[in-house]
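Report on the structure
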Amino acid sequence: MSSVYKASLTAATIKAKARELGADLVGIAAGAALNENPPNRANPRRPMDITEFDADRVIVLAKRASSGATRLSAWNDRHKLYNDELVLSQLEEASLDLVYWLEDLGYPALIVPVHHVDPTRYQGGPERHDANLLSADHAAVEAGLGTLGLNQQLLTPEFGPRVHLSVVMTSLEVEVDRRMETALCPGPSCGRCLKSCPGDTVRHWDRDWVACDRFRSPFGFHHLSDYMISVVREDDKDKQIMMLRSRESADLFASVLRGGGIITGCRRCGEVCPVGDDYERSLKQWVDEIPEVTPEKQQRLESMVTAEENGDRPAVYAEQARWIGRLD
Ligand code: SF4
Ligand code: SF4
């Protein structure tokens, strides 16, 4: 009778390997914690929905965004979209190498495409927010990497929100990391994410996800389909040809070619966030000023601060408190 070979592995060994492969941060969450606590109970997207085979452990890898790209203040700077796409590509390669390494040691594993939406649930409308297969930000909190901020972006102590994430699932009985209990984000008393947001989509412990999607994925499927429809509807053939040769077409082509502008996009809220060791050390000099702030945004923030002082937090805070953390 033959038995399946399985090497002895520890959480520390897995994390050391992931770092050796290029990850800056690594955490391990219990799949059960994510199965039992889906971020949205009305639309649960849990490890067990992806596969029962590998749902025991969720390994979250993080790679920091480059500071050079962060200095570029325009939210849609093409260089920034491209540089972020390269970070994601490297993270994907690191994840794949980790999968093969685990497999050679007797533990098959699976990479979850956390930047993709579930095509089987696509509803065909630009007015909807299509959620990812698994929320990498929530998985990262369960894996002890950080907490969610005012607009539900992941904040890490090392790099604030300036990280890209990848998720590897495997069934392996190793120690899991502890979730942080205390919020890294002070809330509206900071509010720099709200002040900087080009789409003004930041809400009180929430964001307008549909509006944000237009910035986070400016050349994504919604934009591509809208543009193609406008080309098809143009009766003037010469205008139609010009539309196909336009700057917008070129942007869409470049985005489809590399993914920059589709799986990468606006991260202005992350650039200005003061959480993270890297902020004071290097970033502050470039992003301290927030030119996007308006009197309306300022006024809305002040209302939120007053609400917080009166203990009046929105319902969404209670729903997300597990991942936002305790506010002192
Ligand atoms: S990603 Fe951009 S649009 Fe979305 S909340 Fe952040 S700053 Fe606003
Ligand atoms: S910018 Fe300020 S309010 Fe926004 S997530 Fe970061 S710490 Fe929180």
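Here the focus is the overall build of the protein chain. Within the protein chain, the regular secondary structure consists of 15 helices and 8 strands. For the protein chain, whose C-alpha radius of gyration is 21 Å, the value lies close to the compact-globule estimate of 20 Å for 328 residues. Structurally, the protein chain occupies a C-alpha span of about 75 × 55 × 40 Å along its principal axes. In the protein chain, which comprises 328 residues, the share counted as buried stands at 49%. Restricting the contact set of the protein chain to residue pairs at least 6 apart, pairs at least 24 apart contribute 77%. Total accessible area computed for the protein chain in this model is approximately 16,400 Å², and 52% of it derives from carbon and sulfur atoms. Where the 39 positive side-chain charges of the protein chain centre and where its 50 negative ones centre are 2 Å apart.

Let us now look at the sheet that holds strand E2 (residues 57–64). Think of a sheet as strands paired side by side through backbone hydrogen bonds, with each pair either parallel or antiparallel. On the basis of which strands lie adjacent, the open sheet formed by 4 strands has the order E1-E2-E6-E3 and antiparallel pairing. Looking at the sheet topology across the chains shown, the edges are occupied by strand E1 (25–30) and strand E3 (109–112). Neighbour-to-neighbour, the strand axes of the sheet open up by a mean angle of 25°, direction not taken into account. Note: E1 against E2, 6 bridges, orientation antiparallel. What sits directly across from Leu25, in E2, is Ala62.

The next point concerns the nonpolar core. Within the largest apolar cluster, 42 residues are counted, with the highest numbers of intra-cluster contacts made by Val58, Val60, Leu154, Val163, Leu165, Val167 and Trp205. If you list the elements that add at least two residues to this core, you get E1, E2, helix H6 (136–142), strand E5 (154–155), strand E6 (163–170), helix H7 (192–196), helix H14 (295–309) and helix H15 (315–324). When near neighbours in sequence (up to four residues on either side) are disregarded, Leu165 contacts Val60, Leu61, Ala62, Leu88, Leu91, Val114, His115, Ala136, Asp137, Ala140 and Leu154. Core analysis: the second largest hydrophobic core is formed by 21 residues, Leu9, Ile59, Val168 and Val174 among them.

A few words now on the site of ligand 1. Looking at ligand 1, the residues that line it are Asn151, Cys197, Pro198, Thr201, Arg207, Cys212, Phe215, Arg216, Cys266, Arg268 and Cys269. Among the secondary structure elements, those contributing two or more residues to the shell around ligand 1 are helix H8 (209–216) and helix H12 (268–271). Here the shell around ligand 1 gets 3 residues from one element, more than from any other, and that element is H8. Across the shell around ligand 1, the residue classes tally to 6 nonpolar, 2 polar and 3 charged.

Turning next to the side chain of Arg268. Note that Arg268 resides in helix H12. Arg268 sits in the buried class, given a relative accessible area of 3%. Once residues lying within four places of it in the same chain are set aside, the contact partners of Arg268 are Ser73, Trp75, Ser196, Pro198, Val287, Glu289, Pro291 and Glu292.

This brings us to the environment of Leu105. Inspection of the secondary structure assignment puts Leu105 in the loop between helix H5 (78–104) and E3. As for Leu105 and Cys266, which are separated by 161 residues in sequence, their C-alpha atoms are 39 Å apart. Contacts of Leu105, omitting those with residues within four sequence positions, involve Tyr5, Lys6, Ala7 and Leu9.

Let us look at the site of ligand 2. The environment of ligand 2 is made up of 14 residues, and the closest members are Cys185, Cys190, Gly191, Cys193 and Cys273. At a threshold of 2 Å from the grid points, most atoms of ligand 2 map onto the largest cavity. The class makeup of the residues in the shell around ligand 2 is 9 nonpolar, 4 polar and 1 charged.

Cut-offs used in this document
- Residues numbered from 1 in each chain as written.
- Chains lettered and ligands numbered in written order.
- Predicted model: local features only at pLDDT ≥ 70, side-chain atom pairs only at ≥ 80, totals over all residues.
- Heavy atoms only, no water.
- Helix = DSSP H or I, 4+ residues; strand = E, 2+ residues; numbered from the N terminus.
- Rg over C-alpha atoms; globule rule 2.2 N^0.38 Å.
- Buried < 20%, exposed > 50% of the residue type's maximum accessible area, 1.4 Å probe, protein only.
- Contact = heavy atoms within 4.5 Å.
- Areas by Shrake-Rupley, 256 points an atom, 1.4 Å probe, with all protein chains shown as cover.
- Lys, Arg positive; Asp, Glu negative; His and termini not counted.
- Charge placed at Lys NZ, Arg CZ, Asp CG, Glu CD.
- Pairing = 2+ DSSP bridges.
- Axes fitted to C-alpha atoms, helices over the stretch in contact; angles between N-to-C directions.
- Core = buried A, V, L, I, M, F, W, Y, C linked by side-chain atoms within 4.5 Å.
- Near = heavy atom within 4 Å.
- Nonpolar A, V, L, I, M, F, W, Y, C, P; charged D, E, K, R; others polar.
- 1 Å grid on protein atoms, 1.4 Å probe; cavity = no way out; pocket = protein on both sides within 12 Å on 5 of 7 lines; lining within 4 Å.
- Sits in = over half its atoms within 2 Å of the grid points.

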